[in-house]
Amino acid sequence: MTAKSAAAAARATVYGYPRQGQGRELKKAIEGYWKGRVDADALAVTGAGLRADAWRQLAAAGIHEVPTGDFSYYDHVLDTTVMLGAIPERHRAAVAAHPLDGYFAMARGTQQVAPLEMTKWFDTNYHYLVPELGPDTVFSADSTKQVGELKEALALGLAARPVLVGPVTYLLLAKPAPGVAADFEPLTLLDRLLPVYAEVIADLRAAGAEWVQLDEPALAQDRTPAELNAAERAYRDLGALTDRPKLLVASYFDRLGDALPVLAKAPVEGLALDFTEAAAANLDALAAVGGLPGKRLVAGVVNGRNIWINDLQKSLSTLGTLLGLADRVDVAASCSLLHVPLDAGAERDVDPQILRWLAFARQKTAEVVTLTKGIARGTDAIAGELAANRADLASRVSSPITRDPAVRARAAAVTDADARRSQSYAERTAAQRAHLGLPLLPTTTIGSFPQTAELRTARADLRAGRIDPGGYEERIRAEIQQVISFQEQAGIDVLVHGEAERNDMVQYFAEQLTGYLATQHGWVQSYGTRYVRPPILAGDISRPEPMTVRWTTYAQSLTGRPVKGMLTGPVTMLAWSFVRDDQPLGDTARQVALALRDEVADLEAAGTAVIQVDEPALRETLPLRATDHAAYLAWATEAFRLTTSGVRPGTQIHTHMCYAEFGDIVQAIDDLDADVISLEAARSHMQVAHELAAHGYPREAGPGVYDIHSPRVPSADEAAALLRTGLAAIPAERLWVNPDCGLKTRGWPETRESLANLVAAARTVRTELAGS
């Protein structure tokens, strides 16, 4: 096929779409099911309606082939585990008795069984449930969900393409099951897994699928020769199947590297690649391997992870080059649109000038369709869209909203000394221990306490004008008093004020910093029914006035025990926002760090002796390719130190991280130079404590003993057992006792019981140490 005919044949598609609905109807239905207010049939009706609405919206916008199978009640990797029959032994009885309840038990756990471990989906803020596999794992196909959703789309008269997590990525994301040797490699199960994928693919073909998409984002990471050989074998075998649908292998989030020639020569009919800035090298690499003659190329030229409008002319240029490299070139977003909000058109409070720069899922879909029309019919067919796009891009470049000379001058004046503590850790810890007077194995929590319905109602009432600011503040004071009183009675050593006044750990600060803007409807799924509204970082950052000092000092006035000041760190402020794409991330991080540095100074001046700067996103923002790690970690760790290094030696700096793999960034954790770090460890059975020990981490650490993302209450004995495991890696004089994460999403009854057990465990182990 010539480039001209390839252009004429171009179609528009996407890999996935937001699941929640315009009003987060899915969240409400699922949580209603958990509480017994919604039955399984009603939940199924809600899910089917949301899927149909999404497909109709896509088709009406001009998408020629809609994705199916990407919808999920909790997580698409968990759905894959169910599809493959890889149910952990401890969950099999629950799944057999009631599949839906068993599904949620795997996600959330029950009082009797622990859930699957949860961690970040590559370098995004989406969390997936980690498959647990072992040499005895038996796979069996269950394509009910995938076939059912395909049939729903086909019944609407739509061209549909089922989307599955690919077999190589699924195994690379998995971990050894409990009781299995830590060095077990799930990828060794590939030959056992491929026949199950073949069965699912055959079922989809029988149900009417012409194409099936197999997502392999793990191949955009550094891969060993053995892993690349596994990918070659997987698609050789799947491609050799008879009477199958056409196969489209998709990769995204970064360049494919050595995996590109493997997939390019595989006996599959199509390849979907990311061609946005992070993966721009895919263009030259594809040309270097001779393109994809005789195959379909799906070109991800619209960024599926940010919210800025596309440079249509630049994307058309990329597409023009690609037309000569494949038999057919289709246009798509770079990844599933799961990672962006649904519709910028729903935002009524955003400055109209800024709104012109924004593209959420519906707007990105329109961009995909416009670009498809441009390469199929020529640029004259989209002349109006191109002119409007040029004007919008130019208005952003020239807008005073995006640039503040004073902020830029301050950032440019930063020196290396600004990002270093004045004394070594050994000198600091002596001063801190003398000042704080804490016991062995001090107890604390991560920061937030339950955000009750009453708190959320009070916040809504304030926004709606049903109560005045004075009435709202009385409610917050009462909540802080309750939180402080409870912690004192529970016996916790270092307290928190509970963050009753905060809507979200990033949004709360973003609303008080210049350069940020908030949305009203920009919800994005983080995990399960947990949705967040990432703020938008549109311009240069500064702090007009203190943000946390008032409530922290009020809490401290209620107790003689130390109360932590709680801040969100600069890397997490970037990672959990939609960050600007018109300057290097490191420059933006430095601006945020300087604003937070001012807040740290004000907290210390107000008498706050312990200040926690949370960086849960440090690991998730790590680039997928090792060659890019050093540059990222250099500016990321500098930003943290710039935030915290202006304090006196006796002020104790904490940080917190959760739900990520930490082993490959232990040196960076060390480079933060925090006095104390708390980390998620309960689901991973203290793995991170051993990783810190293997590195020789010299400071204090609190690997969590209470998994707050599950409703189950850990017993005191269970917490003590985890604590003893932690002591095998970290000396008692440097070990803290705390939950995995904040308690915002938990209820008060389980919080009270769990923290009582945590304190009891600490006391038990202290007694054991004293008697040893």
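Structure: above.
Predicted, not measured: the structure shown is a model, and the values here were computed from it. (Residues numbered from 1 in each chain as written. Predicted model: local features only at pLDDT ≥ 70, side-chain atom pairs only at ≥ 80, totals over all residues. Heavy atoms only, no water.)

> Just checking my understanding: could you explain the environment of Gly16 for this structure?
Locating Gly16 in the fold gives a position in the loop between helix H1 (3–8) and helix H2 (25–34). Gly16 gets classed as buried once you look at its relative accessible area, which sits at 0%. Taking the C-alpha atoms as reference points, Gly16 and Val66, 50 residues apart in sequence, are found 8.2 Å from one another. (Helix = DSSP H or I, 4+ residues; strand = E, 2+ residues; numbered from the N terminus. Buried < 20%, exposed > 50% of the residue type's maximum accessible area, 1.4 Å probe, protein only.)

> Just to check I follow, could you spell out the side chain of Arg543 for this structure?
With respect to the secondary-structure elements, Arg543 resides in the loop between strand S15 (536–542) and helix H22 (549–556). With a relative accessible area of 16%, Arg543 lands in the buried category. Apart from the residues lying within four places of it in its own chain, the contact partners of Arg543 are Leu513, Ala595, Asp598, Glu599 and Asp602. (Contact = heavy atoms within 4.5 Å.)

> Is there a simple way to think about the packing of H2 against helix H3 (residues 40–61) in this case?
To characterise two packed helices, one gives the angle between the axes of the helices and the distance between these axes. Contact geometry of H2 with H3 gives a least axis separation of 10 Å together with a crossing angle of 170 degrees. On the basis of their axis angle, the class for H2 and H3 is roughly antiparallel. Residue-level contacts link Glu25, Leu26, Ala29, Ile30 and Tyr33 of H2 to Ala40, Leu43, Thr46 and Leu50 of H3. Among the residues forming the contact of H2 with H3, the class breakdown is seven nonpolar, one polar and one charged. (Axes fitted to C-alpha atoms, helices over the stretch in contact; angles between N-to-C directions. Parallel < 35°, antiparallel > 145°, perpendicular 65-115°, else oblique. Nonpolar A, V, L, I, M, F, W, Y, C, P; charged D, E, K, R; others polar.)

> Can you help me understand unusual backbone geometry in this one?
Most peptide bonds are trans, and most residues other than glycine sit at a negative phi. For Phe253, which is not a glycine, the phi torsion comes out positive at approximately 85 degrees. Along the chain, the position of Phe253 falls in the loop between strand S8 (246–250) and helix H11 (259–264). Notably, Leu441 is not glycine yet its phi reads approximately 55 degrees, a positive angle. Residue placement: Leu441 occurs in the loop between helix H18 (425–436) and helix H19 (453–464).

> Sorry if this is basic, but what is going on with H3 here?
The periodicity of an α-helix, 3.6 residues per turn, causes residues three or four places apart in sequence to face the same way. Helix length check: H3 (22 residues) gives 32 Å between terminal C-alpha atoms against 32 Å at 1.5 Å per residue, within 8%. In the core, the buried residues of H3 are packed alongside H2, strand S1 (66–68), helix H6 (99–108), helix H7 (144–155) and helix H15 (361–377). (Expected span 1.5 Å × (residues − 1).)

> Explain the pattern of salt bridges here, please?
Any two side chains of opposite charge can pair, given that their charged atoms come close. What the rule picks out here adds up to 54 salt bridges. For the salt bridge of Asp673 with Arg699, the shortest nitrogen-to-oxygen distance reads 3.6 Å. Separated by 26 residues along the polypeptide, Asp673 in the loop between helix H26 (666–671) and strand S19 (676–679) and Arg699 in the loop between helix H27 (687–695) and strand S20 (700–703) bring together distant segments of the chain. Through salt bridges that share partners, Arg396, Arg408, Asp540, Arg580, Asp581 and Asp582 make up one connected network. (Salt bridge = Lys/Arg side-chain N within 4 Å of Asp/Glu carboxyl O.)

> Honestly, the sheet that holds S19 in this entry has me stumped. Any pointers?
Note: strands within a sheet are paired through backbone hydrogen bonds, in either parallel or antiparallel orientation. Taken together, the five strands give an open sheet; going across it, the order is S16-S17-S18-S19-S20, and neighbouring strands pair in parallel fashion. The open sheet is flanked by strand S16 (564–568) and S20, the only strands paired with a single partner. Strand-to-strand, the axes of this sheet are offset by a mean angle of 20 degrees, without reference to chain direction. Helix-sheet contacts for helix H24 (residues 585–605) involve S16 and strand S17 (610–614), and the interaxial angle to S16 is about 175 degrees. (Pairing = 2+ DSSP bridges.)

> What should I look at first to understand the pairing of strand S11 (residues 326–333) in this one?
Here is the key point about a regular strand: its side chains alternate between the two faces of the sheet. When you tally the buried positions in S11, you get six out of eight residues, the bulk of the element. Relative to S11, strand S10 (residues 292–302) is paired through seven bridges, and the arrangement is parallel. Note on S11: the bridge partner recorded for Arg296 is Arg328.

The values are spatial; any link to function lies outside them.
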